[in-house]
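Survey of secondary and tertiary structure
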Amino acid sequence: MIGLISATAAGAAARDRLAAAWPDRTRVYDGPVGGAVRAAFAECEQLVCFLATGAVVRLVAPLLSDKKADPGVVCVDESGRFAVSLVGGHGGGANELAREIGELLGAEPVVTTATDSAGMAGLDTLGLPVEGDVAAVSRALLDGEPVALRAEVAWPLPPLPVAAEGSYTIRLTDRATDPAEHEVLLRPPSLVVGVGASRNAPVDEVLGLIEGSLRDAGLSPRSVAELATVDAKAGEPGIVEAAERLGVPLVTYSAEELARVDVPNPSDAPLAAVGTPSVAEASALVRGGELLVPKRKSAMATCAVVRRPGRGRLAVVGLGPGARDLLTPRAKAELRRAAVLVGLDQYVDQIRDLLRPGTRLLESGLGAEEERARTAVEEARKGHAVALIGSGDAGVYAMASPALAEAGADIDVVGVPGVTAALAAGAILGAPLGHDHVSISLSDLHTPWEVIERRVRATAEADIVVTFYNPRSRGRDWQLPKALAILAEHREPTTPVGVVRNASRPDETSRLTTLAALDPATVDMMTVVTVGNTATREIAGRMVTPRGYRWQNDAQEGAR
């Protein structure tokens, strides 16, 4: 919950805007500000104070105890110009909260945390338990000193400016070990503990067996991702409470699923009791992994431990048509999350300034789409967080289809939509896509012309607005005239046609012409051509395709 505190009418107005926008996240604290701050500090995870920073410093200073436990505090000036992350930038989420408030209120977020200011991922913001000298290792990263990454477990991390060797170390491990001097341990959630138990097995026995098994194997409880068992034991109190004490979810599987898992130590007892020859080993192994601790038993419980390596992550990101303000916030977030970025060199140049330090760039030139797709999937299969970029929407004549043709179920794939060239051009022209429309690429490099021609003819006969991608190049100068001729068999010579080159970029040009007047020689590969249907009109210099609802037709009839 976010506590909201204000002292003046101006502050209250901004406070109320936040409260209205986030009704389920916020609570307004009225009354004298001193008491309100103390109450909110004790009851909320975060505070937003519409007060001067000096006043908030004096109010919260006596309340601070531990930066790992203190709530995040953001100050907003009464004019709503700045949202200042004051306390708990990382641990309390104040940095991100300041950015959210900035977007909502139109304020400038002020974040002074060193890693954030340098565009670097903070070691305590990676979503993993962290141990060791975080401050010293973070300072070494910021100062450009060599920091080595020792990844004992494959896990998709965001980019970090690490070196092969260094006097400072980031160690990614699920082993039970203490950090050395100048070392930070990151604990990936790589361990799955399979559990079985007799009815009413005491939680202390179940938990003792789990903790003892981890300890004897030299594994860290902080890397346990989940407990797993059979459906029949989903409500077993000892297992349920053991998961709660460990702070991990309890995942269950059917006996039929577990019976299909090949295990080293099957038994007749669970087969008779719940219908599968293994509970602990099978539930730990059902989704794959390496069996580190075979089945261990106590009087009333069993457990087994599996290391499940982190799945690589491939984000296929659409960059939009080129203008920075048409790059979506989600796309920006994925670019900053990726440790490896794969893309056409000219597209990499467009967003290079958005990447975090340490991002590994794999660039290539024109005509290497399949190679880029394979490279991105291969990097994801190594356990990395990868972004594969394309212009417009990556799923439209771009990188998503070749990448997903290569990707299997062994990696996570995320699609990030972008503004397409057709949409960008349509907005410039007016509203040419106001009714049914289709996009067709005239490039026959991947599709035989016979197939393209059949699609153009079907579009012409169906009276659908069409946007042509890749309309003309130096080596392909006859396809666009042929496509226009097919359309002319079904549409009037005066049919509006919009021509947009480099939509949304500094050298953008656009013009409105007609099907008869369009000169194909003025079109190139940086151009999209939108041809209207029989209802498309030019209205006040704009290209408009009416939606054709019945009430519009009735209104037109009544006006005659």
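Residues numbered from 1 in each chain as written. Predicted model: local features only at pLDDT ≥ 70, side-chain atom pairs only at ≥ 80, totals over all residues. Heavy atoms only, no water.

To continue, consider the overall build of the protein. For the protein, the count of helices and strands is 19 helices and 28 strands. In terms of principal-axis extent, the alpha carbons of the protein reach across some 85 × 70 × 55 Å. In the protein, which comprises 560 residues, the share counted as buried stands at 47%. Carbon and sulfur atoms make up 51% of the accessible area of the protein, which totals about 26,200 Å². Charge centroids of the protein, computed over 57 positive and 71 negative side chains, lie 1 Å from each other. (Helix = DSSP H or I, 4+ residues; strand = E, 2+ residues; numbered from the N terminus. Buried < 20%, exposed > 50% of the residue type's maximum accessible area, 1.4 Å probe, protein only. Areas by Shrake-Rupley, 256 points an atom, 1.4 Å probe, with all protein chains shown as cover. Lys, Arg positive; Asp, Glu negative; His and termini not counted. Charge placed at Lys NZ, Arg CZ, Asp CG, Glu CD.)

Right, let's get into the environment of R171. You can see R171 is positioned in strand β9 (residues 168–172). For R171, a relative accessible area of 18% gives the class buried. Each C-alpha atom of the pair R171 and G127 lies 15 Å from the other, and the pair is 44 residues apart in sequence. Those residues in contact with R171 that sit more than four places away from it in its chain are R150, E152, T177, E183, V184, L185 and L186. In terms of polar contacts, R171 uses its side chain to reach the side chain of E152, at 2.6 Å. (Contact = heavy atoms within 4.5 Å. Polar contact = N/O pair within 3.5 Å; in protein donor to acceptor, adjacent residues only side chain to side chain.)

Mapped onto the elements, S254 comes out in the loop between β13 (250–253) and α9 (255–259). Sequence-distant contacts of S254, defined by excluding residues within four places in its chain, comprise V230 and D231.

V193, V195, V206, I210, L214, L227 and V305 are the most contacted members of the largest nonpolar core, which totals 22 residues. Elements supplying a minimum of two residues to this core: β11 (191–197), α7 (203–217), β12 (224–230), α8 (237–246) and β15 (301–307). Top contributing element to this core by residue count: α7, with 6 residues. (Core = buried A, V, L, I, M, F, W, Y, C linked by side-chain atoms within 4.5 Å.)

This part covers the sheet that holds β13. If you walk across this open sheet you meet the 5 strands as β13-β12-β11-β15-β14, and the pairing is mixed. Two strands close off the open sheet at either side, each with one partner strand: β13 and β14 (290–297). Neighbour-to-neighbour, the strand axes of this sheet turn through a mean angle of 25 degrees, independent of strand direction. Relative to β15, β14 runs antiparallel, the two being bridged by 5 bridges. In the strand pairing of β15, L291 is matched with V306. Relative to β15, α7 is tilted by about 40 degrees, and along the sheet it contacts β11, β12, β14 and β15. (Pairing = 2+ DSSP bridges. Axes fitted to C-alpha atoms, helices over the stretch in contact; angles between N-to-C directions.)

It is worth spelling out the packing of aromatic side chains at this point. In the structure shown here, the tally under the stated rule is 2 aromatic pairs. Centroid distance Y397 to Y469: 4.7 Å. Interplanar angle 55 degrees. Geometry classified as tilted. Of the two residues, Y397 sits in the loop between β19 (385–390) and α15 (400–406) while Y469 sits in strand β23 (residues 465–469), which places them 72 residues apart along the sequence. Taking the relative accessible area as the measure of exposure, Y469 reaches 10% and is therefore buried. Across the ring face of W22, the terminal group of R25 is positioned such that the distance to the ring centre comes to 4.3 Å. (Phe/Tyr/Trp six-rings, centres within 6.5 Å; stacked < 30°, edge-to-face > 60°. Lys NZ or Arg CZ within 6 Å of the ring centre and 35° of its normal.)

Take helix α18 (residues 479–488) next. Those residues of α18 that sit buried are Q479, L480, A483, L484, I486 and L487. One face of α18 carries all of its buried residues, which in axial projection span an arc of 155 degrees. Structurally, α18 contributes buried residues whose contacts are with α17 (449–462), β23 and β26 (527–531). (Arc of directions from axis to C-beta.)

Right, let's talk about the sheet that holds strand β8 (residues 147–151) for a bit. Paired through their backbone hydrogen bonds, the strands of a sheet run either parallel or antiparallel. With mixed pairing, the 4 strands of this open sheet are ordered in space as β7-β10-β9-β8. The open sheet is flanked by β7 (130–132) and β8, the only strands paired with a single partner. Each strand of the sheet is rotated relative to its neighbour by a mean of 20 degrees, with strand direction disregarded. Direction of pairing for β9 relative to strand β10 (residues 183–186): parallel, over a ladder of 4 bridges. Counterpart to R171 in the pairing with β10 is L185. Packed on one face of the sheet, helix α6 (residues 134–142) meets β7, β8, β9 and β10 and runs near 115 degrees to β9.

Turning next to the pairing of β12. Where a strand is regular, its side chains alternate between the two sheet faces. Counted residue by residue, β12 has 6 buried out of 7 residues, so it is predominantly covered. Note: β11 against β12, 4 bridges, orientation parallel. Bridging from a neighbouring strand, G194 pairs with A228 of β12. Handedness of the β11-α7-β12 crossover: right-handed. (Right-handed = clockwise from strand over helix to strand, strands pointing away.)

A separate point is the packing of α7 against α8. Between α7 and α8, whose axes approach to 8 Å, the crossing angle comes to 55 degrees. With respect to α8, the element α7 is oriented oblique. Both α7 and α8 take part in a crossing whose hand is right-handed. Contact residues: V203, D204, V206, L207 and I210 in α7; G238, E241, A242, R245 and L246 in α8. Along the lines of polarity and charge, the residues of the contact of α7 with α8 split into 6 nonpolar, 1 polar and 3 charged. (Parallel < 35°, antiparallel > 145°, perpendicular 65-115°, else oblique. Left-handed = near helix turned anticlockwise from the far one by under 90°. Nonpolar A, V, L, I, M, F, W, Y, C, P; charged D, E, K, R; others polar.)

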